[in-house]
Amino acid sequence: MSTCECCGNAARGYLCTRHGDELVKNLLDLPGLYDEVGECLVPRRSTFGDIIPTRGSAGPRSPVNEDVIDTVNWGRACEVMRLWRGDVRRVRWPHRGAPPSGGLVEDCRWLARQRDWIVAAYPAAGDLAREVLELRRAAESVVGALEPRPQRLGNCVAVTGEGVVCGAVISRLPGETRLACPWCGYVYETAQDWALLVHFSPREAA
C-alpha cells in the first residue's frame, strides 16, 4: 500500500481513487473549457483586427487582455497536454516513439483512457494531476466553472391514476436530494423513494 501524491491518503499506486477520478474528469472537461476561453478573451462585437481608442492613451489599445492570452489559451493547453501524452507514451511504450498527430481533444481523451495505468505505474502521476488541475483553474478564472450536468437515475416508478407505471426519465443534479417527476409530479425525497427508483428501473438506465 502506498500513498496518494496529491493528498497523502492510502492508495494502490500513485493516486487515490478520488484523485484518479478527478484527473479523468478534468481531462475530459479541458477542451470545453478552453473553447469557452477563446470566446471570452475576444469581445463578441470586435475581432482581433479591431482597434479601440482610449482617452488619454498614446495609441490604439488591443480589445483583449494580452497578459491573459499569453498564459491562458488553447495553444498553451494543447502544448502542455501534448507533452504529457508524449511522456506517458514514452514511459509505457518506449519502443513506439512520438505519439501520432492530434489536438487537445484527442490528447485529453487518450490520457483519460490510460487512467488505470497512470494511477498504478506512472511515477509522474501526481505532477500530471496537478498540472491538469492548474490548467482547469486557469480556464475557470476566465470563464467560470462549468455548469453541473444532470445525472440520469432511471425511470419514474410511480403508479398513475390510470393504474400504470409512469416511466418518465428521472434525472437530478449532483447533490440534489429532492425532485419531482416532470411528467406525473411524484416527489422523490426519501431514502425509500430513491431505493425503489433504482430497484425497479432497468439496469442500463440506472
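Rules and cut-offs
Residues numbered from 1 in each chain as written. Predicted model: local features only at pLDDT ≥ 70, side-chain atom pairs only at ≥ 80, totals over all residues. Heavy atoms only, no water. Helix = DSSP H or I, 4+ residues; strand = E, 2+ residues; numbered from the N terminus. Buried < 20%, exposed > 50% of the residue type's maximum accessible area, 1.4 Å probe, protein only. Contact = heavy atoms within 4.5 Å. Areas by Shrake-Rupley, 256 points an atom, 1.4 Å probe, with all protein chains shown as cover. Salt bridge = Lys/Arg side-chain N within 4 Å of Asp/Glu carboxyl O. Arc of directions from axis to C-beta. pLDDT = per-residue confidence, 0-100. Phe/Tyr/Trp six-rings, centres within 6.5 Å; stacked < 30°, edge-to-face > 60°. Lys NZ or Arg CZ within 6 Å of the ring centre and 35° of its normal.

1. Focus on the overall build of the chain
Move 1: For the chain, the count of helices and strands is 7 helices and 6 strands.
Move 2: For the chain, the N- to C-terminal ordering of α and β elements is β-β-α-α-α-α-α-α-β-β-β-β-α.
Move 3: Evaluated residue by residue, the chain yields a buried proportion of 35% over its 206 residues.
Move 4: Nonlocal contacts in the chain, meaning residues at least 24 apart in sequence, comprise 53% of its contacts between residues at least 6 apart.
Move 5: Approximately 12,900 Å² of the chain is accessible, and the part contributed by carbon and sulfur atoms is 52%.

2. A word on the pattern of salt bridges
Move 1: Under the counting rule described, the total for this entry stands at 10 salt bridges.
Move 2: The salt bridge involving Lys25 is made with Asp29; its shortest N-O contact spans 2.8 Å. Of this pair, Lys25 and Asp29 both sit in helix α1 (residues 17-41), 4 residues apart, which is roughly one turn of that helix.
Move 3: Across the salt bridge formed by Asp107 and Arg85, the nearest N and O atoms sit 2.8 Å from each other. Taken as a pair, Asp107 in helix α4 (residues 104-113) and Arg85 in helix α3 (residues 74-92) lie far apart in primary sequence, 22 residues in all. Accessibility classification places Asp107 together with Arg85 in one group, the buried group.
Move 4: Several salt bridges share partner residues, and in doing so they unite Lys25, Asp29, Arg136 and Glu140 into one network.

3. A look at helix α7 (residues 191-200)
Move 1: Buried within α7 are the following residues: Asp193, Trp194 and Leu197. One side of α7 carries all its buried residues, which in axial view fall inside an arc of 95 degrees. Seen from the buried face of α7, the exposed residues on the opposite side, beyond 90 degrees, are Ala191, Gln192, His199 and Phe200.
Move 2: Tucked inside the fold, the buried residues of α7 contact β3 (151-155), β4 (169-172), β5 (179-180) and β6 (187-188).

4. Side note on the confidence of the model for the chain
Move 1: The predicted model of the chain has a mean per-residue pLDDT of 79, with 78% of residues at 70 or higher.
Move 2: Mean pLDDT across the elements of the chain bottoms out in helix α2 (residues 66-71) (47) and peaks in helix α5 (residues 115-121) (96).
Move 3: Contacts of residues 43-70 to residues separated by more than four positions or lying in other chains number 24 contacts, the stretch itself having pLDDT below 50.

5. Re the packing of aromatic side chains
Move 1: Evaluation of the coordinates by the stated rule reveals 4 aromatic pairs.
Move 2: Measuring from centroid to centroid gives 6.3 Å for Trp84 and Tyr122, while their planes differ by 85 degrees, and the two rings are edge-to-face. Here Tyr122 lies in the loop between α5 and α6 (125-143) and Trp84 lies in helix α3, a separation of 38 residues in the sequence. An identical accessibility class is assigned to Trp84 and Tyr122; each is buried.
Move 3: What links up through ring pairs into an aromatic cluster is the set Trp84, Trp117 and Tyr122.
Move 4: The cationic tip of Arg96 hangs over the ring face of Trp93; the distance from NZ or CZ to the ring centre is 4.3 Å.

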